[in-house]
Amino acid sequence: MLRTALIGFPSTGKTALFQLMTSAHGAPRAAHGRTDVTLGVARVPDPRLDVLTAMYRPRKRVPAMVEFADIPGRPSGSGAGSLLDVAAYRNADALVHVVRAFEDPAVPHAAGSIDPLRDARAMEDELILADLAVAEKRLDRLAKDLKKARTAELEGEQAVLAACRARLERGTALRDLELPDDDRRRLRGFQFLSAKPLLLVLNADERDLAQGLDRLPERYGLAGPGTGPRTRAVAVCAKIELEVAQLDEADAAAFLADLGLKASGLDRVIRASYDLLGYVSFFTVGEDECRAWSVPRGTPAQAAAGEIHTDLSRGFIRAEVVAFDRLAGRGSMAACRDHGEVRLEGKDYPVADGDVITVRFAT
Ligand SMILES: Nc1nc2c(ncn2[C@@H]2O[C@H](COP(=O)(O)OP(=O)(O)OP(=O)(O)O)[C@@H](O)[C@H]2O)c(=O)[nH]1
Ligand SMILES: [Mg+2]
């Protein structure tokens, strides 16, 4: 399951967004050993799963899921330590920075005024400072160890960490750093925050709805040229959309249309996250269960099978694959077979978005 953590200064709407994303799916729970970290799960909306469910009428319908961790914000300049002691940030596949754009005299802004670009940059600086603290600490330790014994591995680690430190000292995040696989492996354990893909969620003012939310991140300078490949920005209006989410489906759709929104906040945030991370969905079907799964684009069939169950990966023989569009078009797996549209693929086959997969495996 894809794991994300909400990051942001106080009173930006993190908890409101968390509720918007996760309210449809069970009660949130406290993270292990922390009372200030709340974990919740969002179901990934996917109309294709509805089509498959209508076709198979399974006992269970299981959407793909994304975990969100909600953590109270601390004011800008709280120091690197304030980010470093939250494991949910370090364990996340992506960070979601909730940036406040809504005005509300009843909800004071920690920095005294509304300025999304300033806040986005301030958070970037916090991430960079937190990483710098980690890199420096490890480099000090390495210098001592290398005096005792020089090994190629330690020297390699020192070289790549020094490159990271130089970059961080220039005020640049590690997100877009291109590295050979060896160096990537050396850095993995540090879980650098500024290396994680970053989704900026602009929490818009109600008045912004009139002009539409699509272009809002760009208008604030949070999207467009100059923002790196591993960042995305999307705008929501958490408070209003939370109210809409409490309506039944038909009313909610009508209300969203009234507001000029093409999709719900949940939809837009999830889609932006998938796009950011390069995730694709594949499906497993049957009378027992129809289910959506998410894997990074290009994941080989054998590894994708491992998402379902480790036995399926271990005993993997072949994957029977049919594209969702074909299956939906023909109306049944049998018809797809008759037309030769069910392919047999080996363990290295890169799973494509919309693949409906049956894993053949030996126990
Ligand atoms: N007007 C308006 N108010 C909002 C919006 N989103 C959140 N709020 C309000 O702002 C206040 C703070 O929102 P929260 O979601 O609790 O903010 P937070 O980021 O979780 O705050 P911390 O956990 O303290 O860091 C609450 O009173 C919300 O109702 C919004 O889009 N518009
Ligand atoms: Mg909160």
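Starting afresh in each chain, residues are numbered from 1 along the sequence in its written order. Just so you know, chain letters begin at A and ligand numbers begin at 1, following the order they were written in. Per-residue local features are limited, in this predicted model, to residues with pLDDT of at least 70; the limit for side-chain atom pairs, both in listing and counting, is 80 or more; totals at the level of whole chains, interfaces and linings are taken over all residues. Values shown for side chains rest on all heavy atoms present in the structure; no hydrogens or waters enter the calculation.

**Student:** What should I look at first to understand the packing of aromatic side chains in this one?
**Tutor:** Geometry of an aromatic ring pair is reported as the spacing of the ring centres plus the angle between the planes. Only centres within 6.5 Å qualify two rings of Phe, Tyr or Trp (six-membered ring in Trp) as a pair; their planes then separate them into stacked at under 30 degrees, edge-to-face at over 60, and tilted for everything else. Summed over the entire model, instances satisfying the criterion amount to four aromatic pairs. An angle of 20 degrees between the planes, with centres 5.4 Å apart, marks the rings of Phe190 and Phe192 as stacked. Assigned by exposure class, Phe190 and Phe192 land together as buried. Ring centres of Tyr274 and Tyr279 lie 5.9 Å apart, and the angle between their planes is 65 degrees; on these two criteria the pair is classed as edge-to-face. For the residue pair Tyr274 and Tyr279, the accessibility class agrees, reading buried in each case. Over the aromatic face of Phe102 sits the side chain of Arg100, whose NZ or CZ is 4.1 Å from the ring centroid. Burial here depends on accessible area, computed with a 1.4 Å probe over protein chains only, as a share of the maximum for the residue type. Under 20% is buried, over 50% is exposed, and the range in between is partly exposed. For a ring to carry a charge above it, either NZ of a lysine or CZ of an arginine must fall within 6 Å of the ring centroid while also lying within 35 degrees of the normal to the ring plane.

**Student:** Would you mind showing me how to read the side chain of Asn203 here?
**Tutor:** For helices the rule is a DSSP run of H or I covering at least 4 residues; for strands it is a run of E covering at least 2, with both sets numbered from the N terminus onward. Relative to the helices and strands, Asn203 is located in strand 7 (residues 198–203). Residue Asn203 is classed as buried on the basis of its relative accessible area of 3%. Those residues in contact with Asn203 that sit more than four places away from it in its chain are Thr12, Gly13, Val98, Val99, Arg100, Ala101, Phe102, Val236, Cys237 and Ala238. By definition in these notes, contact holds between two residues if any of their heavy atoms fall within 4.5 Å.

**Student:** Can you walk me through the domain arrangement of the chain in this structure?
**Tutor:** Where the parts come together, the accessible area they lose is often given as the size of the interface. Note that the domain bounds reflect an automated or database-derived domain assignment. Splitting the chain by domain gives domain 1 (2–45 + 65–110 + 197–277), domain 2 (128–194) and domain 3 (298–361). The distance between the C-alpha centroids of domain 1 and domain 3 comes to 34 Å.

**Student:** I'm lost on the site of ligand 1 in this one. Help?
**Tutor:** Neighbouring residues are identified by heavy atoms, a residue being near a molecule or strand if any of them is within 4 Å of it. Neighbouring ligand 1 are 18 residues, the closest being Ser11, Lys14, Thr15, Ala16 and Gly73. The definition of a polar contact used here is a pair of N or O atoms within 3.5 Å, where within protein one atom must be able to donate a hydrogen and the other to accept one, and adjacent residues in sequence count solely through side-chain atom pairs. Within the side chain of Thr15, a nitrogen or oxygen atom sits 2.8 Å from an oxygen atom of ligand 1. For the accessible areas, the method is Shrake-Rupley and the probe is 1.4 Å, while residue cover comes only from the protein chains on display. Relative to its unbound accessible surface of 650 Å², ligand 1 loses 75% to contact with the protein. Within the residue set of the shell around ligand 1, elements represented by two or more residues are helix 1 (14–22) and helix 9 (238–245). Broken down by element, the shell around ligand 1 gets its largest block of residues, three residues, from helix 1. Considering only residue class, the shell around ligand 1 consists of eight nonpolar, six polar and four charged. Three classes are used, and their members are as follows: Ala, Val, Leu, Ile, Met, Phe, Trp, Tyr, Cys and Pro are nonpolar, Asp, Glu, Lys and Arg are charged, and the others, Gly among them, are polar.

**Student:** It is not clear to me how the packing of helix 5 (residues 116–148) against helix 6 (residues 152–169) should be interpreted in this structure. Could you clarify?
**Tutor:** In a pair of packed helices, the angle between the axes and the distance between the axes together describe the arrangement. Two numbers describe how helix 5 lies on helix 6: the axes approach to 9 Å, and their chain directions differ by 150 degrees. It follows from the interaxial angle that helix 5 and helix 6 lie roughly antiparallel. As for the relative orientation of helix 5 and helix 6, their crossing is left-handed in sense. Facing Ile128, Asp131, Leu132, Ala135, Glu136, Arg138, Leu139, Leu142, Asp145 and Leu146 of helix 5, the residues of helix 6 in contact are Leu154, Glu155, Glu157, Gln158, Leu161, Ala162, Arg165, Leu168 and Glu169. Class assignment of the residues belonging to the contact of helix 5 with helix 6 gives a composition of ten nonpolar, one polar and eight charged. To obtain each axis, a line is fitted to C-alpha atoms, and for helices this fit is confined to the stretch in contact; angles are then taken between N-to-C directions over 0 to 180 degrees. To sort the angles, those under 35 degrees are grouped as roughly parallel, those over 145 as roughly antiparallel, those from 65 to 115 as roughly perpendicular, and the leftovers as oblique. Crossing chirality is assigned from the near helix's rotation relative to the far helix, an anticlockwise turn below a right angle marking it left-handed and a clockwise turn marking it right-handed.

**Student:** Quick question: what am I supposed to make of the packing of helix 6 against helix 7 (residues 181–188) here?
**Tutor:** Between helix 6 and helix 7, whose axes approach to 10 Å, the crossing angle comes to 85 degrees. One element, helix 6, and the other, helix 7, form an angle in the roughly perpendicular class. In contact with Ala152, Glu153, Gly156, Glu157, Val160, Leu161 and Cys164 of helix 6, helix 7 contributes Asp183, Arg185, Arg186 and Leu187.

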